[in-house]
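# Summary of the model geometry
So you can see what is in the structure, the chains are spelled out below.
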Amino acid sequence: MAIIFPDLVLAQQIYMTRNGKAGFTSNAPLEVIKAETEELSGAINLADRSFAFTIDNKSFKGFNSALQQEHFYENYMEAQQYPSSSFKGKIIETIDLNLTGEQVIRAKGILDIHGVEQERIIKGTVKVVNQKLQIQADFTVLLEDHQIKIPRVVNQKIAEMIEVSITAELILQSN
């Protein structure tokens, strides 16, 4: 005789993406640097409101030059030592799958960049469209919070506070 666990139905409310977008802008006095990746991977489990997102630090493209990209990978992100950045935690609000408009949510978790973990609450929006979750969030990251050091010679070309933007469409995973 099989035992049926009603909670298992809820446990299967997992939405995933492998091609979300993440971008950043460094708006410094002497230079604006922008880069983006379409390799944001992540999942949201609506049953317990948990989430986990990760980015390969070497997937960012769009710098002003190849040398700038190389410096980002090697000197600032130290991608050999810290190959990925992540954000994991819980969504504070309940996402209502029956609402058609945007829902404002807050995600509380650990933002891990450059091997330094910071507890953060990041505000964003979610929209339910055709049984998919479209998420969007904009937030800032202080380089010193993640022990990313900028040499004096380029401190007017790299901002101390980086603007980050995330967009992704997550698809319900079938059982």
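See the structure printed just above.
Read on for an overview of the structure. As the structure is a computational prediction, the values presented were derived from the model and not from experiment.

### Some remarks on the overall build of the protein chain
From N to C terminus, the protein chain includes two helices and eight strands. For the protein chain, the N- to C-terminal ordering of α and β elements is α-β-β-β-α-β-β-β-β-β. Once the C-alpha set of the protein chain is aligned to its principal axes, its extents read approximately 70 × 35 × 25 Å. Burial analysis of the protein chain (175 residues in total) assigns 37% to the buried set.

### Brief notes about unusual backbone geometry
At His 114, a residue that is not glycine, the phi angle is positive and equals roughly 60°. On the secondary structure map, His 114 appears in the loop between β5 (102-113) and β6 (116-129). Note on His 114: relative accessible area 6%, which makes it buried. With a phi close to 60°, Gln 131 is a non-glycine residue in the positive phi region. By the element assignment, Gln 131 lies in the loop between β6 and β7 (132-142).

### Description of the pairing of strand β3 (residues 50-56)
A one-sided burial pattern is seen for β3, the buried positions being Phe 51, Phe 53 and Ile 55 and the unburied ones Ser 50, Ala 52, Thr 54 and Asp 56. Here five bridges tie strand β2 (residues 32-45) to β3, and the two strands are oriented antiparallel to one another. Bridging across to β3, Asn 45 finds its partner in Ser 50. Between β2 and β3, which pair antiparallel and follow one another directly, the connecting turn spans four residues, one of which, Arg 49, has a positive phi of 65°. Pairing analysis gives seven bridges linking β3 to strand β4 (residues 84-91), with the strands arranged antiparallel.

### As for the packing of aromatic side chains
The tally for this structure, following the rule as stated, stands at nine aromatic pairs. Summarising the aromatic geometry, the rings of Phe 60 and Phe 72 are spaced 5.9 Å apart at their centres and angled 75° between planes, so their arrangement reads as edge-to-face. Linking Phe 60 in the loop between β3 and α2 (66-76) with Phe 72 in helix α2, this pair joins segments that are 12 residues apart in sequence.

### Some words on the pattern of salt bridges
On inspection of all chains with the given rule, the structure shows two salt bridges. Glu 93 is paired through a salt bridge with Arg 106; the nearest N and O atoms lie 2.6 Å apart. Linking Glu 93 in the loop between β4 and β5 with Arg 106 in strand β5, this pair joins segments that are 13 residues apart in sequence. Look at Arg 106 and you get partly exposed, because its relative accessible area is 36%. Two residues, Glu 169 and Lys 132, come together in a salt bridge whose shortest N-O distance is 3.7 Å. Taken together, the positions of Glu 169 in strand β8 (residues 161-172) and Lys 132 in strand β7 put the pair 37 residues apart, joining distant regions of the chain. A residue is classified by how much of its surface remains accessible, and Glu 169, at 34% relative accessible area, is partly exposed. With a relative accessible area of 28%, Lys 132 lands in the partly exposed category.

What counts, and where the lines are drawn
Residues numbered from 1 in each chain as written. Predicted model: local features only at pLDDT ≥ 70, side-chain atom pairs only at ≥ 80, totals over all residues. Heavy atoms only, no water. Helix = DSSP H or I, 4+ residues; strand = E, 2+ residues; numbered from the N terminus. Buried < 20%, exposed > 50% of the residue type's maximum accessible area, 1.4 Å probe, protein only. Pairing = 2+ DSSP bridges. Phe/Tyr/Trp six-rings, centres within 6.5 Å; stacked < 30°, edge-to-face > 60°. Salt bridge = Lys/Arg side-chain N within 4 Å of Asp/Glu carboxyl O.

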